[in-house]
Amino acid sequence: MWMSSICFIWGVFFFFLSLFMFYWVIYLMMNNIVYFLEWEVISFNSVKIEMGVLFDWMSMLFMMFVFLISSVVILYSKSYMSSELNLNRFIMLVIMFVLSMALLIISPNMISILLGWDGLGLVSYCLVIYYQNIKSFNAGMLTALSNRIGDVLILMSISWMMNYGSWNFYFYLEFMKNDFEMLVIGGLIMAAAMTKSAQIPFSSWLPAAMAAPTPVSALVHSSTLVTAGVYLLIRFNYLFIDSYIINILLLLSGLTMFMAGISANYEFDLKKIIALSTLSQLGLMMSILSMGMGDLAFFHLLTHAMFKALLFMCAGLIIHMFNDIQDIRYMGGISLYLPLTSLCFNIANMALCGIPFLAGFYSKDLILEVVMMSNLNLFVFFLYFISTGLTVFYSFRLSMYLMVGDYNLMSVYNLYEEDYVMLKSMFILLVMSVVSGGMLVWMIFPYPYMIYLSLNMKLMVVYVSLLGGLMGYLVSVMKIYSLNKFIITYKLSSFLGVMWFLPNLSTYGLNYIFLSLGGKMFKNLDMGWIELYSVRGISLILKKNSIFYNFFHMNNFKIYLFSFIMWMVMFLFMLII
Amino acid sequence: MATVPILGLKTHSQKVCSLYKRALRNLESYYDRRNVFRYQAVLLRARFDQNAKECDLRKATELLKAGEEELFQIQHPIPKKFAQSPGGVAFERVVTPPDWVLDYWHPLEKAQYPEYFKKREERKKEFIAMWEKEYGQSDKKNSH
């Protein structure tokens, strides 16, 4: 039964596909080969529409990670979605998502990128509204519409690229860097990537999308969909070097990183905390990318995908055990009841914090050291380091809430030992969360980065991490006489805890204006003046005239007879004269 | 979960009880350790008990109003909700539509599944016959 289930079949298929991709990565890297296949669909007036695929080590490596995470997520769904009536539909949606992502990854062409991009948006909408309750419908609409902005921007860049006669952006990046039109396209692409990667001001959809089932969150909203924007900008990276618009991205992504780190500290929903942590890491990727280091962003993208997917899967298991409760205030002491899940959760959390020799350490530490080396202004420098401290802060707080203390939900309980189907798939990612950092750093960087820093600068990361850990401990310890920090700083906390009111901006803020404007236009124009003068007015005039002419038409026999008699009378009269 | 009473007229004591319950739930959102929450809940109860013997209804109404205002001012932005309750994450996640929904299908919709609906009508008659056999016919006078 287990072997013949759809989850097992597709999970194993994707696992072997990822192994195959791994082989290809090694082959392409060792021989320094890039395969670029292209076939022409149509050509007219020197405009060519082509379908192309690009197989280089980067796309293959990303595909390998996507397939690996998909395979474990599908295996995991076997147990997590076991009570689901339409499991086949769910798995098919996940597979469609993975295929859209694969199309996006291997596309060197704007049109096929749009196909993959739109596929991601559409399928992610279907997956967010999977549990068809009001919360998920709202979240789905917010997700779909925020991503739709990105789709429109890509469509605009496609129409602008028609000037060049081809949509293979790959050929234009280095040669047309100083061309103003190419820069405009770059700006559009940048904004589109910001919507997909949920940077400020499009951030609010990512925590809302946590209404999706947890396996979907693990695959879609942590490691693949949201990294599509980063990946697109990595492909366009040459265009942005030395251009001024990238500074805007640097500022916005730095702010996103900071904002998400702070909001995660105020959040109580287990999945939303992890989503905000994803947002913070996306900000990190985007900001290092905007400093021109696409390889570092790609490296962090891959390591982050591993431990974040694992973190989500652990969260899913915990939520499963707690009967759909996601609020961490109900949880506590789970390390006693779910030891293996706690093990995975803590390792993933430590990898996220950048504890040495786990996956996150290699990428995050390198990024921070490069930031210190690159003479940035103090503001950006602080954004980076405070955000790093905040990462440890919220991770520590989360662990304290989940692992330490008493079970908070009910007085009689029985948390049973874990689900082995889920655990098996989690262990694959556990191994990857430990080894993937070291593995990738040997693969991606043939020459090590030269880092030259003073001792205190070098230890800065350790300082902020220790400070973050201490703060995390302090906020999660609650003594009977201690003052509630939330109530004391109520207004500030309310502002910081809801992502700087960003959800209000993209829900009530936008919807109210446009809905009320639409309502007024409907009332005054559609149902008012336009109705009176164009539709109803014209039809009234035509109706009146038609009735008037109809009078002659219906009485035509009499009129003919009458005119005939008149004519005869006139004729006789003329004859007599 | 505690909600604001909206339907019908409420007595003063009902309103106070409702405020007390909502205030407790709000405290629960802030103080997530059980012992700390209990301590705070006792303090809250003491505040309510202080004015429990208030006989002047004008003054009592003022106190209630002030209490409502205070609760509104420190309402937790992320209140603690049970997952399956209204406002919770899993509220109405699994909905089983009731059987009578099928009776309200449009005839055109029903026509797409002719055999099923034919059988359904037969089963309805069988069910009524079974009911009447077991419990007797309903009194015509009582039916609407």
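All values reported here derive from a predicted model rather than from experimental measurement.

So, on to the overall build of chain A. For chain A, the helix and strand inventory stands at 24 helices and two strands. Projected onto its principal axes, the C-alpha coordinates of chain A cover approximately 130 × 60 × 60 Å. Contacts in chain A between residues at least 24 apart in sequence constitute 81% of all its contacts with a sequence separation of at least 6. On chain A, roughly 26,600 Å² of surface is accessible, and the fraction owed to carbon and sulfur atoms is 73%.

Here the focus is the overall build of chain B. Secondary structure assignment for chain B yields five helices and zero strands. Helices and strands appear in chain B in the N-to-C order α-α-α-α-α. Here the C-alpha radius of gyration of chain B, 26 Å, is well above what a compact globule of 144 residues would show, namely 15 Å. Taken along the three principal axes of its C-alpha coordinates, chain B extends 65 × 40 × 30 Å. The buried share of chain B, taken over its 144 residues, is 23%. When contacts within chain B are restricted to residue pairs at least 6 apart in sequence, those whose partners lie at least 24 apart make up 44%.

Residues and elements named next belong to chain A. Mapped onto the elements of the fold, Lys-364 is located in helix α16 (residues 359–373). Here Lys-364 is buried and forms no salt bridge, its nearest opposite-charge partner Asp-365 lying at an N-O distance of 9.4 Å. Of the polar contacts made by the side chain of Lys-364, one reaches the backbone oxygen of Leu-352; its length is 3.1 Å. If we skip the residues at most four places from it in the chain, Lys-364 touches Gln-281, Leu-284, His-300, Leu-352, Cys-353, Thr-388 and Thr-391.

On to the interface of chain A and chain B, then. Of the residues lining the interface, 27 residues belong to chain A; the matching set on chain B comes to 29 residues. Here chain A and chain B share an interface that buries about 2,700 Å² over both sides, 55% of which is from carbon and sulfur atoms. Put simply, chain A and chain B have one salt bridge between them. Across the pair Arg-93 of chain B and Asp-324 of chain A runs a salt bridge whose closest N-O atoms are separated by 3.6 Å. At the boundary of chain A with chain B, the tally comes to 10 residue pairs in polar contact (both at pLDDT 80 or more). Contributions of two or more residues to the side of chain A that touches chain B are made by α21 (485–488) and α22 (490–497) of chain A. In terms of residue class, the side of chain A that touches chain B is built from 12 nonpolar, eight polar and seven charged.

Turning our attention to helix α23 (residues 502–554) of chain A. All names here are of chain A. Spanning 53 residues, α23 covers only 68 Å between terminal C-alpha atoms, well under the ideal 78 Å at 1.5 Å per step. Every buried residue belonging to α23 is among Leu-502, Ser-506 and Gly-537, and all of these are buried. Along its buried surface, α23 packs onto α5 (134–161) and α11 (245–266).

What follows deals with unusual backbone geometry. All names here are of chain A. The omega angle of the peptide bond from Ile-200 to Pro-201 is 5°, so this bond is cis rather than trans. Structurally, Pro-201 can be placed in the loop between α6 (180–196) and α7 (205–208). At Asp-324, a position not held by glycine, the phi torsion is positive, near 70°. With respect to the helices, strands and loops of the structure, Asp-324 is situated in the loop between α13 (294–321) and α14 (334–337). Looking at Asp-324, the relative accessible area reads 24%, which means it is partly exposed.

Residue and element names in this part refer to chain A. Secondary-structure assignment places Ile-288 in helix α12 (residues 270–290). Residue Ile-288 is classed as buried on the basis of its relative accessible area of 0%. Taking the C-alpha atoms as reference points, Ile-288 and Gly-316, separated by 28 residues in sequence, lie 31 Å from one another. Apart from the residues within four sequence positions on either side, Ile-288 is in contact with Met-293, Leu-296, Ala-297, Ile-367, Val-370, Val-371 and Tyr-384.

What follows is about a nonpolar patch on the surface. Residue and element names in this part refer to chain A. Together, Leu-510, Tyr-512, Ile-513, Phe-514, Leu-517, Met-521, Leu-525, Trp-529, Ile-530, Leu-532, Tyr-533 and Val-535 line one region of the surface with nonpolar side chains, adding up to about 1,300 Å² of accessible area. Within the secondary structure, Met-521 is located in helix α23. Taking relative accessible area as the criterion, Met-521 reaches 44% and is therefore assigned partly exposed.

What follows concerns the nonpolar core. In terms of nonpolar packing, the biggest core is built from 186 residues, with Leu-61, Leu-270, Ile-288, Phe-322, Tyr-384 and Leu-402 of chain A touching the most fellow members. With 20 residues, the top contributor of residues to this core is α13 of chain A. What Tyr-384 of chain A contacts, discounting residues up to four positions off in sequence, is Leu-250, Met-257, Leu-284, Ser-287, Ile-288, Met-291, Ile-367, Leu-368, Val-371 and Leu-376 of chain A. Phe-393 of chain A together with Ala-23, Tyr-30 and Leu-71 of chain B belong to the second-largest nonpolar core, a separate cluster that totals 21 residues.

Here we come to the domain arrangement of chain A. When its domains are assigned, chain A resolves into domain 1 (244–497) and domain 2 (507–576). Between the C-alpha centres of domain 1 of chain A and domain 2 of chain A the distance comes to 71 Å.

Residues and elements named next belong to chain A. The geometry of helix α2 (residues 57–80) relative to α13 is characterised by a closest axis approach of 11 Å and an angle of 5° between their N-to-C directions. Between α2 and α13, the crossing angle belongs to the class labelled roughly parallel. Within the contact between the two elements, α2 uses Trp-57, Met-58, Leu-61, Phe-62, Phe-65, Leu-68, Ile-69, Val-72, Val-73, Tyr-76, Ser-79 and Tyr-80 and α13 uses Phe-298, Leu-301, Leu-302, Ala-305, Met-306, Ala-309, Phe-312, Met-313, Gly-316, Leu-317, Ile-319 and His-320.

Within this structure's numbering, the places UniProt gives as "domain: NADH-Ubiquinone oxidoreductase (complex I) chain 5 N-terminal" (unreviewed entry) are residues 42–90 of chain A. Across residues 42–90 of chain A, helical content stands at 57% and strand content at 24%; the span's end C-alpha atoms are separated by 36 Å.

Before going further, it helps to spend a moment on the pairing of strand β2 (residues 47–55) of chain A. All names here are of chain A. In terms of strand pairing, strand β1 (residues 35–44) meets β2 through nine bridges, oriented antiparallel. Residue pairing across strands places Trp-39 opposite Met-51, the latter belonging to β2. Following β1, the chain reverses through two residues before pairing antiparallel with β2; Asn-45 in that reversal takes a positive phi of roughly 45°.

A few words on the packing of aromatic side chains. Residues and elements named next belong to chain A. The final tally for this structure, using the stated rule, is 45 aromatic pairs over all chains. Plain terms: the ring middles of Phe-258 and Trp-500 are 6.1 Å apart, the flat faces sit at 65° to each other, and that makes the pair edge-to-face. Within this pair, whereas Phe-258 is found in helix α11, its partner Trp-500 is found in the loop between α22 and α23, the two being separated by 242 residues in sequence. Judged by its relative accessible area of 24%, Trp-500 falls in the partly exposed class. Here the aromatic residues Phe-20, Tyr-23, Trp-24, Tyr-27 and Tyr-35 are joined through ring pairs into a cluster of three or more.

Once that is clear, we can look at the environment of Leu-104 of chain A. Residue and element names in this part refer to chain A. When you line up the elements, Leu-104 lands in helix α3 (residues 87–106). Judged by its relative accessible area of 2%, Leu-104 falls in the buried class. Sequence-wise, Leu-104 and Asn-456 are 352 residues apart; in three dimensions their C-alpha atoms are separated by 43 Å. With residues near it in sequence (within four places) discarded, Leu-104 still touches Ile-113, Gly-116, Trp-117, Leu-120, Ala-228 and Tyr-231.

Analysis parameters
Residues numbered from 1 in each chain as written. Chains lettered and ligands numbered in written order. Predicted model: local features only at pLDDT ≥ 70, side-chain atom pairs only at ≥ 80, totals over all residues. Heavy atoms only, no water. Helix = DSSP H or I, 4+ residues; strand = E, 2+ residues; numbered from the N terminus. Contact = heavy atoms within 4.5 Å. Areas by Shrake-Rupley, 256 points an atom, 1.4 Å probe, with all protein chains shown as cover. Rg over C-alpha atoms; globule rule 2.2 N^0.38 Å. Buried < 20%, exposed > 50% of the residue type's maximum accessible area, 1.4 Å probe, protein only. Lys, Arg positive; Asp, Glu negative; His and termini not counted. Salt bridge = Lys/Arg side-chain N within 4 Å of Asp/Glu carboxyl O. Polar contact = N/O pair within 3.5 Å; in protein donor to acceptor, adjacent residues only side chain to side chain. Buried area = accessible area lost by both parts, 1.4 Å probe. Nonpolar A, V, L, I, M, F, W, Y, C, P; charged D, E, K, R; others polar. Expected span 1.5 Å × (residues − 1). Patch = residues over 30% accessible without salt bridge, like charges linked within 9 Å, V, L, I, M, F, W, Y side chains within 5 Å. Core = buried A, V, L, I, M, F, W, Y, C linked by side-chain atoms within 4.5 Å. Domains from an automatic or database assignment. Axes fitted to C-alpha atoms, helices over the stretch in contact; angles between N-to-C directions. Parallel < 35°, antiparallel > 145°, perpendicular 65-115°, else oblique. UniProt positions renumbered as here; feature names shortened; annotations may be inferred. Pairing = 2+ DSSP bridges. Phe/Tyr/Trp six-rings, centres within 6.5 Å; stacked < 30°, edge-to-face > 60°.

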